[in-house]
Amino acid sequence: MNYSGKQLSEIACVQRTSDRMVQECVVVPVPTSRFEGQKPGTSGLRKTVKVFQQKNYTENFVQSILSAMGSGLEGSTLVVGGDGRFFMTEATDIIIKMSAANKVSKLIVGKGGFLSTPAVSNIIRKYKADGGFILTASHNPGGPDADFGIKFNMSNGGPAPDAATNTMFENTKSIQSYNICPDLQCDFHSIGVYEYMVDGKPFTVQVIDPCADYIELMKSIFDFDQIKALVGGEGKLKVLINSLHGATGPYAEKIFLQELGCPPSSCIKTNVLPDFGGGHPDPNLTYAADLVEAMRSGVHGFGAAFDGDGDRNMILGQNAFFVTPCDSLAVLANNLEHIPYFKKSGVKGFARSMPTSAAVDRVAKKKGLECFDTPTGWKYFGNLLDAGRISICGEESFGTGSDHVREKDGIWAALAWLQILASKNTTVEELLKEHWTEFGRNFFTRYDYEGCESKPCEQMMKNLEAYISDPASIGKVYTALGKSYTVSAADNFSYIDPVDGSTASKQGIRIMFSDGSRLVFRLSGTGSSGATVRMYVDSYENSPDKLFGSAQEMLAPCVEVGLIISQLRELTGRQEPTVIT
Ligand code: G1P
Ligand code: ZN
């Protein structure tokens, strides 16, 4: 409950109550000047650590976020937590000192500054906070030479919508000073309540156990006993959970080992490392290749990996049977009645990001429910979730989640799968095959070209913009690898939010073909430098002899057509993608 003795001796304290020490702090305004490019992307501001370490860089952005809260700032309660990556501790310290100086009345901070992204979302909602800082660059690598990020979530627990991030960005352009309490000292590595007087007003930091609230939430959603009967111990289904040294580590150990009784070898890479062990904490077939390899042995019946901040997931069945995130969303949507939470709350509609395949749309149709396609980025699901229009949503980029929080949630997705497997007494592969037999199969692949030069990529997008605006493009026929495709429609996706009417335009070039296949092109909004091109390819099959083939083979001709139309190879100089999903 108190400062350690060592710190106490260094701090000027006054006694406010009989058992608590209160530090008196002074607000210091620090003159500063703007930094270029502090524009939040798909999910917050992401730059290299070196950029954040520049004098005043982090402070400028934090002040711009706080100022964007306007009159809601004074007296507010905010949450702070990050995924354990390098620079998180320094950033936490800055946010505490600046929140105090900006009239925030209370901060709830994960012990050590650590919280997974879904855990932050839960804490904001549970304790009715006014928002929260998430210190993460998600699936981007960490360490002194890699990436850091700061993202702000609103009082609904979800990522700030465009209107809010635009205000933050405007603030970064006009900033002239920031407020800080430089002498404030908070031992946020110890759980407890720390109190301060800042210019005569009270300010409190409550340091909490990062896992407790999240585990309680999971227990309220799922029937842990039923999952335990499937996976808990000798002779049961063996699971392999890989946290990639990211934020899910402590949560996974508590849930899978302590609560569900899985043997210790079920959870690997659970020690959180500031550089994620030098790896790329992204749960896909490339960066979680060790999970794929281990699953190939056939020993485990279920495998899952999560990203740096714990919101992404990859699901594998026995023998490394891969579940695309698009299919994962559809299968979960079709089986929600097996999860106690949805039994209670009922199933509303579904939503997916536009590049995600339409597999879930088919489930919505069967169930007579609404289904929305939104721009890329979880922030676009927020209004639909808040309005009670959707129960679950997902993105092809390994994001799956529900209205239990306002972020995608990796561990939730793994538990949802296990609950359904337990309840239906089936396997991952069987469940998928049944699903494809009933609904047909949406084949999907994504090609990523990471770390390209920006100029040629921008040129490529300009060319594609011209292509879709040219009426002569419709009807064009392309042949590759023996298959022909006729362009039937093309546009740049735009979205009108059905809840508040806000619009988002230019969210991805779409080229549709007469056989139902589709190409989508976007530039990533989460990279910290250069450009990443994403090409998404999907098609639909329902003839029984084609359902179980390889997606890469099935989609190869359409991929080639995409490369021809975009001239991607010629423009970027890249012959091969860095990641194929
Ligand atoms: C990527 C994904 C997107 C996801 C975001 C944050 O954004 O494509 O679906 O919401 O990361 O995890 P992008 O880099 O494509 O802008
Ligand atoms: Zn993430």
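Small disclaimer: the values here were computed from a predicted structure and weren't measured.

Trainee: Would you explain the sheet that holds strand β28 (residues 531-541) in this entry?
Mentor: To summarise the sheet geometry, strands pair through backbone hydrogen bonds and adopt either a parallel or an antiparallel arrangement. Strand order in the open sheet formed by seven strands is β22-β23-β26-β27-β28-β21-β29, with antiparallel pairing between adjacent strands. The outermost strands of the open sheet, each flanked by one partner alone, are β22 (477-480) and β29 (579-580). Pairing of β22 with strand β23 (residues 483-492) involves four bridges; the strand directions are antiparallel. When the sheet's bridge partners are listed, T479 is paired in β23 with S484. Along the sheet, helix α17 (residues 454-469) contacts β21 (441-452), β22, β23, β26 (509-513), β27 (518-523) and β28; its crossing angle with β26, the most-contacted strand, is approximately 50°. With respect to the sheet, helix α18 (residues 551-566) is in contact with β21, β22, β23, β26, β27, β28 and β29, its orientation differing from that of β21 by roughly 50°.

Trainee: Explanation requested: the side chain of N313 in the structure shown.
Mentor: Structurally, N313 is set in strand β15 (residues 313-317). A distance of 2.9 Å separates polar atoms of two side chains, one belonging to N313 and the other to T400. Those residues within four positions of N313 in sequence are excluded, and the remaining contacts are P283, A305, F306, F398, G399, T400, G410 and A413.

Trainee: Please explain the site of ligand 1 as it appears in this structure.
Mentor: Contacts to ligand 1 come from 14 residues, most closely from T42, S397, S524, G525 and T526. The contact in question runs from an oxygen atom of ligand 1 to an N or O atom on the backbone of G525, over 2.6 Å. Between ligand 1 and the protein, one listed contact pairs an oxygen atom with a side-chain N or O atom of R534 at 2.6 Å. When ligand 1 sits alone it has 380 Å² of accessible area, and the protein chains cover 99% of it. Here ligand 1 is seated within the largest cavity. When grouped by side-chain class, the residues that make up the shell around ligand 1 number no nonpolar, eight polar and six charged.

Trainee: Sorry, what's going on with the sheet that holds strand β12 (residues 239-242) here?
Mentor: One open sheet holds the five strands; their spatial order is β13-β12-β14-β15-β16, and the pairing between them is mixed. Since the sheet does not close on itself, it has two edges, and those belong to β13 (267-268) and β16 (321-323), each with one partner. In terms of strand pairing, β12 meets β13 through two bridges, oriented parallel. Its bridge partner being in β13, N242 is matched across the sheet by I268. Along the sheet face, helix α10 (residues 289-296) touches β12, β14 (302-306) and β15 and points at about 15° away from the line of β15.

Trainee: Honestly, the coordination of the zinc ion (ligand 2) in this entry has me stumped. Any pointers?
Mentor: Protein coordination at the zinc ion (ligand 2): the donors are S138 (OG), D307 (OD), D309 (OD) and D311 (OD), at 2.0 to 2.1 Å from the metal. Because the angles between the four donor atoms bound to the zinc ion (ligand 2) fall within 86 to 164°, the donor set is best described as irregular. Sequence positions of the donors to the zinc ion (ligand 2) reduce to the motif S-x168-D-x1-D-x1-D. One end of the pair, S138, is in the loop between β7 (131-135) and β8 (147-153); the other, D311, is in the loop between β14 and β15, with 173 residues separating them in the sequence. Given a relative accessible area of 2%, D311 falls into the buried group.

Trainee: How should the layout of surface pockets be read in this particular structure?
Mentor: By rolling a water-sized probe across the atoms, one finds the places where empty space is left. Estimates place the volume of the largest pocket at around 980 Å³. Around the largest pocket, the lining is made up of 36 residues, and of these G41, T42, L523, S524 and G525 lie nearest the centre. When contributions to the lining of the largest pocket are tallied by element, the ones reaching two or more residues are β4 (45-48), α6 (162-174), α17, β27 and β28. The element best represented in the lining of the largest pocket is α17, accounting for four residues.

Trainee: Even after reading the chapter, I still don't get unusual backbone geometry, so can you show me in this structure?
Mentor: Across residues other than glycine, the phi torsion is negative in most instances, and most of the peptide bonds are trans. Positive phi values are uncommon outside glycine, yet L244 reaches one of about 50°. Note that L244 resides in the loop between β12 and α9 (248-259). When its relative accessible area of 5% is taken as the criterion, L244 is described as buried. We note that N319 has phi near 60°; this positive angle belongs to a residue other than glycine. Structurally, N319 is set in the loop between β15 and β16. Look at N319 and you get partly exposed, because its relative accessible area is 48%.

Trainee: I tried to follow the confidence of the model for the protein chain on my own but got confused; where do I start?
Mentor: Low-pLDDT portions of the prediction should not be read for the details of their coordinates. On average, residues of the protein chain score 94 in pLDDT, and 96% of them are at 70 or above. Counting contacts from residues 1-18, a segment whose pLDDT is below 50, to residues more than four positions away or on other chains yields 38 contacts.

Trainee: How should the nonpolar core be read in this particular structure?
Mentor: Within soluble globular proteins, side chains that are nonpolar generally end up buried alongside one another. By size, the foremost hydrophobic cluster in this structure holds 118 residues, and its most contacted members are F256, F302, W412 and W417. With 11 residues, the top contributor of residues to this core is helix α15 (residues 410-424). I468, A490, L555 and L568 belong to the second-largest nonpolar core, a separate cluster that totals 33 residues.

Trainee: Mind showing me how you'd approach empty space enclosed by the protein here?
Mentor: For the coordinates displayed, the defined rule picks out four cavities of 30 Å³ or more. Roughly 240 Å³ of internal volume is contained in the largest cavity. T42, S43, R312, K408 and T526 are the residues nearest the centre of the largest cavity, which is lined by 27 residues in total. The class makeup of the residues in the lining of the largest cavity is three nonpolar, 11 polar and 13 charged. Here the second largest cavity is characterised by a volume of approximately 90 Å³. In this structure, the second largest cavity is lined by 15 residues; those nearest its centre are S43, G44, K151, F152 and T165. Looking at the lining of the second largest cavity, the elements that each hand over two or more residues are α3 (57-68), β8 and α6. The biggest single contributor to the lining of the second largest cavity is β8, with three residues. Residue classes in the lining of the second largest cavity are distributed as eight nonpolar, five polar and two charged.

Trainee: How do you make sense of the environment of A160 when you look at a structure like this?
Mentor: Summarising the element assignment, A160 is placed in the loop between β8 and α6. When the C-alpha atoms of A160 and A414 are compared, they prove to be 26 Å apart, with 254 residues separating the residues in sequence. Contact partners of A160, with chain neighbours within four places excluded, come to F152, N153, M154, T165, M168 and K379.

Rules behind the numbers
Residues numbered from 1 in each chain as written. Chains lettered and ligands numbered in written order. Predicted model: local features only at pLDDT ≥ 70, side-chain atom pairs only at ≥ 80, totals over all residues. Heavy atoms only, no water. Pairing = 2+ DSSP bridges. Helix = DSSP H or I, 4+ residues; strand = E, 2+ residues; numbered from the N terminus. Contact = heavy atoms within 4.5 Å. Axes fitted to C-alpha atoms, helices over the stretch in contact; angles between N-to-C directions. Polar contact = N/O pair within 3.5 Å; in protein donor to acceptor, adjacent residues only side chain to side chain. Near = heavy atom within 4 Å. Areas by Shrake-Rupley, 256 points an atom, 1.4 Å probe, with all protein chains shown as cover. 1 Å grid on protein atoms, 1.4 Å probe; cavity = no way out; pocket = protein on both sides within 12 Å on 5 of 7 lines; lining within 4 Å. Sits in = over half its atoms within 2 Å of the grid points. Nonpolar A, V, L, I, M, F, W, Y, C, P; charged D, E, K, R; others polar. Donors = N, O, S within 2.8 Å, 3.2 Å for Na, K, Ca; no water. Tetrahedral: all angles 85-135°; square planar, octahedral: opposite > 155°, others 65-115°. Buried < 20%, exposed > 50% of the residue type's maximum accessible area, 1.4 Å probe, protein only. Points joined across faces, edges and corners; volume = space filled by probe spheres on them. pLDDT = per-residue confidence, 0-100. Core = buried A, V, L, I, M, F, W, Y, C linked by side-chain atoms within 4.5 Å.

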